[in-house]
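Chain by chain, the residues:
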Amino acid sequence: MAGNWKMYKTPAETNAFFEKFRPLVEKSEHCEIVICPPFTSLAAAVEAAQGTRIRAGAQNIAWAKEGAFTGEISGAMIRAAGATHAIVGHSERRQYFGETDETVLKRTQAALESGLTPIVCVGERLEEREGEKTEAKLIDQFQTGIAGLTEAQFARIVIAYEPVWAIGTGKTATPEMAADAHRVIRGQARARFGKEAGEAIRILYGGSVKPDNSRTLMAQPEIDGVLVGGASLDPIGFASIVNF
Ligand code: PGA
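Counting restarts for each chain, with residues numbered from 1 along the sequence as it is written. Local features in this predicted model are restricted to residues whose pLDDT is 70 or higher, and side-chain atom pairs enter the listing and the counts only when it is 80 or higher, whereas totals over whole chains, interfaces and linings include all residues. Where side-chain values are given, they derive from all heavy atoms of the structure, hydrogens and water being excluded.

Asks: Sorry if this is basic, but what is going on with the pattern of salt bridges here?
Replies: If charged atoms from side chains of opposite charge come close, those side chains can pair. Salt-bridge detection follows one rule: a side-chain nitrogen of Lys or Arg within 4 Å of a carboxyl oxygen of Asp or Glu. What the rule picks out here adds up to 16 salt bridges. In this structure, the salt-bridge partner of Glu92 is Lys6, at a minimum N-O distance of 2.8 Å. Residue Glu92 is located in helix α4 (residues 91–96), and its partner Lys6 is located in the loop between β1 (2–4) and α1 (11–24); the two are separated by 86 residues in the primary sequence. Here Glu92 falls in the partly exposed class, since its relative accessible area comes to 23%. The partner of Arg107 in a salt bridge is Glu99, and the shortest N-O contact between them spans 2.7 Å. A run of DSSP states H or I qualifies as a helix once it reaches four residues; a run of E qualifies as a strand once it reaches two. Both are numbered from the N-terminal end. Residue burial is assigned from relative accessible area. The probe radius is 1.4 Å, only protein chains are included, and a residue is buried under 20% of its type maximum, exposed over 50%, and partly exposed in between.

What follows is the structure in C-alpha cells.
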C-alpha cells in the first residue's frame, strides 16, 4: 500500500502526518506500507517511521550515479536518506517532464543498482482508453520499458497500473477494468520472464483510490495493492485504505 504525496507536505507537515498515522497502522501486518514524500521531506519521513513497518520512497530517481545533472537526485542519495523505494515513470513525470519508456527503464535500472525497489508506473491515457487501445498501450509500455530488465531485476520490481484518466480526477477504473489491465500486464510478464515470475510480480492499482473504494478494488485477486495520491495525504483516510 503506497502513498504518493506528489508536491505536498513540508518536513513539519510530514511529522504531523506520522503522529496520527503511526498508531493507526501499528497492527497492519497484512501488507507493506510505503510513503513517498517530496525529496525534501524524505529524511523527516524516515525519522518519523523509525521503529515501525512503514517505509519511505522517493517519487523519482536519476539514472546517473552522479554528475552534472542539475535538479536530479541519485539512488545513492535516496538510499542515504533512508528510503527503500522509488516511484518511476509516474504519468505526471511522463506528461509534464518528458519522461519516456526509455528513460523510465534507465531510472528503473538505477533504482535496482542502488538497492531500491522501483515502483514502475504504466497506464493508458483517456484517448487510448476511448479508442480501445488500452491493451496495445500497456503491451507497448511493457515491451519498450520493463521487458528490458533481466530476470533477476524483474523479480525485484513492483508495477503500478495507473490509468491516466483516473488520476486525480475522481474517476476510478471499475475493479473489473483494473483487473483486466492487470491481466494484460501479468500476461506480458509471464511471456517475457516465465510463469513463476509472472505470478509473483506485484501489480498495484492507482487512480482515485479512496477509503470507500479500496475494499472492492482489493477484492480483485489480480490487484495486489494500491498506489494512492490525494487520499494518502490524510492520515486517517490513508490508514483506512491500508486497513481495507
Ligand atoms: P490519485 O493519484 O490517487 O490522486 O488519483 C494517484 C497517483 O497519481 O499515484
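On we go.
Asks: Would you mind going over the packing of helix α7 (residues 134–144) against helix α9 (residues 175–193) with me for this structure?
Replies: Angle between the axes and distance between the axes are the two parameters that describe a pair of packed helices. Two elements in contact, α7 and α9, have axes separated by 10 Å at closest approach and are oriented at 35 degrees. For the pair α7 and α9, the sense of crossing is right-handed. From α7, Glu135, Leu138, Ile139, Phe142 and Gln143 reach across to α9, where they touch Ala181, Val184, Ile185, Gln188, Ala189, Arg192 and Phe193. In this classification, Asp, Glu, Lys and Arg are treated as charged, Ala, Val, Leu, Ile, Met, Phe, Trp, Tyr, Cys and Pro as nonpolar, and every other residue, Gly included, as polar. Considering only residue class, the contact of α7 with α9 consists of eight nonpolar, two polar and two charged. Only the contacting stretch of a helix is used when fitting its axis, a line to C-alpha atoms as for every element, and angles between N-to-C directions run 0 to 180 degrees. Rotating anticlockwise by less than a right angle from the far helix to the near helix defines a left-handed crossing, while the corresponding clockwise rotation defines a right-handed one. Residues count as neighbours in contact if any of their non-hydrogen atoms are within 4.5 Å of one another.

Asks: It is not clear to me how helix α5 (residues 101–113) should be interpreted in this structure. Could you clarify?
Replies: Residue pairs spaced three or four apart in an α-helix point in one direction, given the helix's 3.6 residues per turn. An expected span of 1.5 Å times one less than the residue number is assigned to each helix. End to end, α5 covers 18 Å across 13 residues, agreeing with the expected 18 Å (1.5 Å per residue, within 8%). For α5, the elements touching its buried residues are β4 (85–88), α4, β5 (117–122), α7 and α8 (151–154).

Asks: Just checking my understanding: could you explain the layout of surface pockets for this structure?
Replies: In this approach the atoms are scanned with a rolling probe the size of a water molecule, which exposes any empty space left behind. The definitions used throughout rest on a 1 Å grid laid over the protein atoms alone, on which a cavity is an enclosed set of points accommodating a 1.4 Å probe that cannot get out and a pocket is an open set flanked by protein within 12 Å on both sides along at least five of seven lines; lining residues are those having an atom within 4 Å of a point. Grid points are joined across faces, edges and corners, and a volume is the space filled by probe spheres set on the points. In this structure, the largest pocket encloses a volume near 480 Å³. In terms of lining residues, the largest pocket is bounded by 19 residues, among which Lys6, Met7, Gln59, Arg93 and Phe97 are the most central. Of the residues forming the lining of the largest pocket, the biggest block, three residues, is contributed by α4. In the lining of the largest pocket, the residues fall into nine nonpolar, six polar and four charged. What the second largest pocket holds in volume is close to 290 Å³. If you trace the second largest pocket, you find 16 residues lining it, with Ser91, Arg94, Gln95, Arg125 and Val164 closest to the centre. For the lining of the second largest pocket, the elements supplying multiple residues, two or more each, are α4, β5 and α7. Its residues placed into classes, the lining of the second largest pocket shows four nonpolar, six polar and six charged.

Asks: What should I look at first to understand the packing of aromatic side chains in this one?
Replies: Stacked, tilted and edge-to-face are the three classes assigned to paired rings of Phe, Tyr and Trp, where Trp is represented by its six-membered ring and a pair needs centres within 6.5 Å; plane angles under 30 degrees give stacked, over 60 edge-to-face, the rest tilted. As enumerated under the stated definition, the model contains 10 aromatic pairs in all. Ring geometry for Phe21 and Phe238: centres 5.5 Å apart, planes at 20 degrees, overall stacked. Taken together, the residues span a long stretch of sequence, with Phe21 in helix α1 and Phe238 in helix α12 (residues 235–242) at a distance of 217 residues. On the accessibility criterion, Phe21 (0% relative accessible area) is buried. Relative accessible area serves as the criterion here: at 0%, Phe238 is assigned to the buried category. To sit over a ring, a charge needs its Lys NZ or Arg CZ within 6 Å of the ring centre and within 35 degrees of the ring normal. Lying across the ring of Trp5, Lys9 places its NZ or CZ 5.3 Å from the centre. Here the basic side chain of Lys106 rests over the ring of Trp63, its NZ or CZ set 4.3 Å away from the ring centre.

Asks: Is there a simple way to think about α1 in this case?
Replies: Given a rise of 1.5 Å per residue, 14 residues ought to cover 20 Å, and the 20 Å separating the end C-alpha atoms of α1 matches this to within 8%. At Phe18, α1 is bent by approximately 30 degrees, the largest bend along its length. Along α1, the residues classified as buried are Thr14, Phe17, Phe18 and Phe21. Buried residues in α1 make contact with β2 (33–36), α2 (42–48), β3 (54–58) and α12. A residue's bend is given by the angle between axes fitted to the 7 residues ending at it and the 7 residues starting at it.

Asks: Would you mind showing me how to read the packing of α1 against α12 here?
Replies: Between α1 and α12, the shortest axis-to-axis distance is 9 Å and the interhelical angle comes to 25 degrees. Comparing the axis directions of α1 and α12 gives the class roughly parallel. Here α1 and α12 pass one another in a crossing that is right-handed. For the pair α1 and α12, contact is made by Phe17, Lys20, Phe21 and Leu24 and by Pro235, Ile236, Phe238, Ala239 and Val242, respectively. Across the contact of α1 with α12, the residue classes tally to eight nonpolar, no polar and one charged. Should an angle fall under 35 degrees it is called roughly parallel, over 145 degrees roughly antiparallel, and 65 to 115 degrees roughly perpendicular, with every other angle called oblique.

Asks: I tried to follow the side chain of Ser91 on my own but got confused; where do I start?
Replies: The topology assignment puts Ser91 in helix α4. Once residues within four sequence positions are removed from consideration, Ser91 is found in contact with Val164 and Ile167.

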